Amino acid sequence: MSVLVYTENWDGKFKKLSFELVSYAKGVAEMLGTKTTVVSIGNVDEAELAKLGNYGASKILKVEGDNLSSLDNQVFTGIISQAAIKENASVVILSHNNTGKAIAPRLAVKLNAALASGLGKLPLSVDPFTVNKKVFSGKAFADVVLSSDVKVLTLAQNSFELIENGGAAVIETFDAEVGQVKTKVKDIQKQTGKILLNDAEIVVSGGRGMKSPDNWGTIEELAELLEAATACSRPVSDEGWRPHNEHTGQTGKIIAPNLYIAAGISGAIQHLAGVSSSKCIVAINTDKDAPIFEAADYGIVGDALKVLPEFINAVKEIKAK
Amino acid sequence: MKIAVCLGNVPDTTTKVKFVDGATLDKAGIQWIINPWDELALTRAIELKEDAGNAVNSVTAITVGGKDSEPTIRKALAIGADDAIRVDAEPADAFAVASELAEVIKGKDFDIIMCGIESSDYNGSAVGGMLAEILDLPSVSAVSKMNISGNEIELDREIDGGKEVVTVQTPFVAVVQKGIAKEPRIAAMRGIMMARKKPLDVVPSTGISANAEFKSFGLPQPKAPCKMVDPANVAELVSLLQNEAKVL
Ligand SMILES: Cc1cc2nc3c(=O)[nH]c(=O)nc-3n(C[C@H](O)[C@H](O)[C@H](O)COP(=O)(O)OP(=O)(O)OC[C@H]3O[C@@H](n4cnc5c(N)ncnc54)[C@H](O)[C@@H]3O)c2cc1C
């Protein structure tokens, strides 16, 4: 028996979410009294792979190949399922990011496994295998019992603490059978130099209350100062004030940063669905009855266009100290 | 070319959910809608059909649900689907739904099968991928744009920090997200009238059982009240964030 975790790489590198996944997998493995194996697909060097040992991986199966640099859902599902069978995995864990959402359900079918997705905590018990997950976009929680022999779980980003334990992993090359690649990538367009919304620990977000796209200078300045990502409410992206990849909420990105600053956002239930897992929410709104204050930890009733410049000055002052 | 759009029937996104004995959703007073992502998928499918350059012959809406989900599938017909299928089964979990869908889709020669990336009730992000695996078809997920050129479909796929332009041959499953259509289409009066005459096929369940059981439900803990800071003293807020919340 083992716990298998798939760690995606970005141009051969891992990021915090990879270490969160391995820490989580290690936690599940301890509950089951077993060990954690990682499967890595694509070209990642040994030094990078070795980092995963520190978070609890005992073994790493690396599957390399030039046609594995971009995702083909069937090919990746095939490889991970072969790894799961080889390792006799009873639990397979992936991220709840776009890649994980693409592969995990396929993998569940292939392994005759039940799937529980978007988890933030360790299972409540392993016998029966029970997890607690958010449902109705965070308006409720459910205890879900997975009755199959094998289980596939996906972990929400930024929801599980990193646990370093100084361990080292054995790295093995795994000669998996690689199926035919059917999804051809013609072009890749990447945001460069910006902190990605899903990775960010701090997010500065603006809503329609910011009045005009011309007023986003303060949001960007504050974000830069705090090493934060920028975000917005849906109408702001619908109106083309900001790019679509900044839209947070039920139908946009679901994030869980340490700090979410909402300026001129009313706090509609669909917006909160995407941000309510933030550890700390700050609201700046002219309307003292705006629903955002019910979700917020700290609030200022005031004009965001005036408050944000003062916020920036105050941050500069503490930074200067 | 034939397109199938898989639609879920979910509570309106503004619903304050309640549960009976912490075990089942209290359906009283709930307004039901087409799952928002599925509605966007349907909108894009209809747009593709309307563009005469595409040779799309039909758009079929498919749902798994009891009789009470019929208004939702009728709405899909009113928006512009040509025909509809309802599998008469309670949607127990993602696997059961995907299995039921696979059963009706098999042998119907759909070229593109569209699903939303998530359902707003159980937030599984599972049905589309499971369906593709059961049918042994390629799938592309997080699709935010889709165009047809002959047998080849060109898609934008969202990735961490950007997007990829990918191509795939039909038949395949497109799991779509925001961006796939600009705004969901709403049914016009004429559409609602026409929908009454469009075929809605009800097929029996195959009885495939779920493998995930939603045993109990609970509501989130009420939050501590928001700490209000004087707008004349923004520095105090920054100091609280630094020293009390320890997030700066
Ligand atoms: C199916 C569905 C899905 C949806 N999904 C999403 C989603 O994913 N994300 C999302 O965000 N929305 C979503 N929405 C829309 C949502 O219902 C709200 O309409 C939207 O979130 C409102 O955006 P807003 O807060 O920016 O704008 P508004 O509701 O217009 O609020 C603006 C706020 O700014 C305040 N304000 C005005 N001037 C100032 C000022 N100078 N300084 C400070 N405050 C000021 C006002 O008091 C008000 O509270 C969805 C809706 C539906 C029906």
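About the criteria used
Residues numbered from 1 in each chain as written. Chains lettered and ligands numbered in written order. Predicted model: local features only at pLDDT ≥ 70, side-chain atom pairs only at ≥ 80, totals over all residues. Heavy atoms only, no water. Helix = DSSP H or I, 4+ residues; strand = E, 2+ residues; numbered from the N terminus. Contact = heavy atoms within 4.5 Å. Areas by Shrake-Rupley, 256 points an atom, 1.4 Å probe, with all protein chains shown as cover. Lys, Arg positive; Asp, Glu negative; His and termini not counted. Charge placed at Lys NZ, Arg CZ, Asp CG, Glu CD. Axes fitted to C-alpha atoms, helices over the stretch in contact; angles between N-to-C directions. Parallel < 35°, antiparallel > 145°, perpendicular 65-115°, else oblique. Left-handed = near helix turned anticlockwise from the far one by under 90°. Nonpolar A, V, L, I, M, F, W, Y, C, P; charged D, E, K, R; others polar. 1 Å grid on protein atoms, 1.4 Å probe; cavity = no way out; pocket = protein on both sides within 12 Å on 5 of 7 lines; lining within 4 Å. Points joined across faces, edges and corners; volume = space filled by probe spheres on them. Patch = residues over 30% accessible without salt bridge, like charges linked within 9 Å, V, L, I, M, F, W, Y side chains within 5 Å. Salt bridge = Lys/Arg side-chain N within 4 Å of Asp/Glu carboxyl O. Buried < 20%, exposed > 50% of the residue type's maximum accessible area, 1.4 Å probe, protein only. Buried area = accessible area lost by both parts, 1.4 Å probe. Polar contact = N/O pair within 3.5 Å; in protein donor to acceptor, adjacent residues only side chain to side chain. Pairing = 2+ DSSP bridges. Near = heavy atom within 4 Å.

Draft legend 1. Molecular detail of the overall build of chain B. For chain B, the helix and strand inventory stands at six helices and 15 strands. A principal-axis box enclosing the C-alpha atoms of chain B has dimensions of 65 × 45 × 40 Å. Sequence separation of 24 or more characterises 70% of the internal contacts of chain B that already satisfy a separation of 6 or more. Counting every atom, chain B has about 10,700 Å² of accessible surface; 52% of that belongs to carbon and sulfur. One finds the centroid of the 26 positive side-chain charges in chain B at a distance of 6 Å from the centroid of its 35 negative side-chain charges.

Draft legend 2. Quick look at the packing of helix α3 (residues 73–86) of chain A against helix α4 (residues 98–110) of chain A. Residue and element names in this part refer to chain A. Packing of α3 against α4 brings their axes to within 9 Å, and their N-to-C directions diverge by 55°. By the angle class used here, α3 and α4 are oblique. The handedness of the crossing between α3 and α4 is right-handed. Mapping the contact onto sequence places Asn73, Gln74, Phe76, Thr77, Gly78, Ile80 and Ser81 in α3 and Ala102, Ile103, Arg106, Leu107 and Lys110 in α4. Of the residues that constitute the contact of α3 with α4, the class distribution is five nonpolar, five polar and two charged.

Draft legend 3. Looking closely at empty space enclosed by the protein. Residues and elements named next belong to chain A. The full count for this structure, using the stated rule, is three cavities of 30 Å³ or more. Looking at the largest cavity, its volume works out to about 60 Å³. Tyr6, Thr7, Glu8, Trp10, Leu17, Ser18, Leu21, Leu94, Ser95, Asn97, Thr99 and Gly100 together form the lining of the largest cavity. Secondary-structure elements contributing two or more residues to the lining of the largest cavity are α1 (16–32), β4 (89–95) and α4. Of the residues forming the lining of the largest cavity, the biggest block, three residues, is contributed by α1.

Draft legend 4. Structural detail: a nonpolar patch on the surface. Residue and element names in this part refer to chain B. Where nonpolar side chains cluster on the molecular surface, the patch consists of Met189, Ile192 and Met193 and spans about 290 Å² of accessible area. Within the secondary structure, Ile192 is located in helix α5 (residues 189–195). The exposure class of Ile192 is partly exposed, given its relative accessible area of 33%.

Draft legend 5. Representation of the packing of helix α9 (residues 304–320) of chain A against helix α6 (residues 234–243) of chain B within the structure. It is the contact of α9 of chain A with α6 of chain B, at a shortest axis distance of 8 Å, that shows an interaxial angle of 50°. Taken as axis vectors, α9 of chain A and α6 of chain B run oblique relative to one another. Helix-helix and strand crossings are classified by hand; for α9 of chain A and α6 of chain B the assignment is right-handed. Across the interface between the two elements, Val307, Glu310, Phe311, Ala314, Val315 and Ile318 of chain A from α9 of chain A touch Val234, Ala235, Leu237, Val238, Leu241 and Gln242 of chain B from α6 of chain B.

Draft legend 6. Layout of the interface of chain A and chain B. Contact with chain A, which involves 80 residues of that partner, is made by 77 residues of chain B. Roughly 6,600 Å² of surface becomes buried between chain A and chain B when both sides are summed, with 57% attributable to carbon and sulfur atoms. Our enumeration of links across chain A and chain B arrives at 38 residue pairs in polar contact (both at pLDDT 80 or more). Top contributing element to the side of chain A that touches chain B by residue count: α4 of chain A, with eight residues. Of the residues belonging to the side of chain A that touches chain B, the class tally is 39 nonpolar, 24 polar and 17 charged. As paired elements, strand β11 (residues 184–190) of chain A and strand β11 (residues 162–169) of chain B share six bridges and run antiparallel to each other. When the bridges of β11 of chain B are listed, Lys190 of chain A appears paired with Gly162 of chain B.

Draft legend 7. Quick look at the site of the ligand. Surveying the vicinity of the ligand reveals 27 residues, the closest of which are Lys211, Ser233, Ser266, Gln270 and Asn285 of chain A. What surrounds the ligand is not a single chain but chains A and B. For the ligand, a nitrogen atom lies 3.3 Å from a polar atom in the backbone of Thr286 of chain A. One of the backbone nitrogen or oxygen atoms of Ala304 of chain A is found 2.8 Å away from a nitrogen atom of the ligand. Protein chains shield 79% of the accessible area of the ligand, which is 980 Å² for the free molecule.

Draft legend 8. Examining the pairing of strand β12 (residues 172–176) of chain B more closely. Residues and elements named next belong to chain B. Taking burial as the measure, the five residues of β12 include five buried ones, the bulk of the element. Burial along β12 is two-sided: Phe172, Ala174 and Val176 facing one way and Val173 and Val175 facing the other are all buried. One ladder, built from five bridges, connects strand β8 (residues 112–116) with β12; its direction is parallel. Bridge pairing links Cys115 to Val175 in β12. Where strand β9 (residues 139–149) meets β12, three bridges bridge the pair, whose relative direction is parallel.

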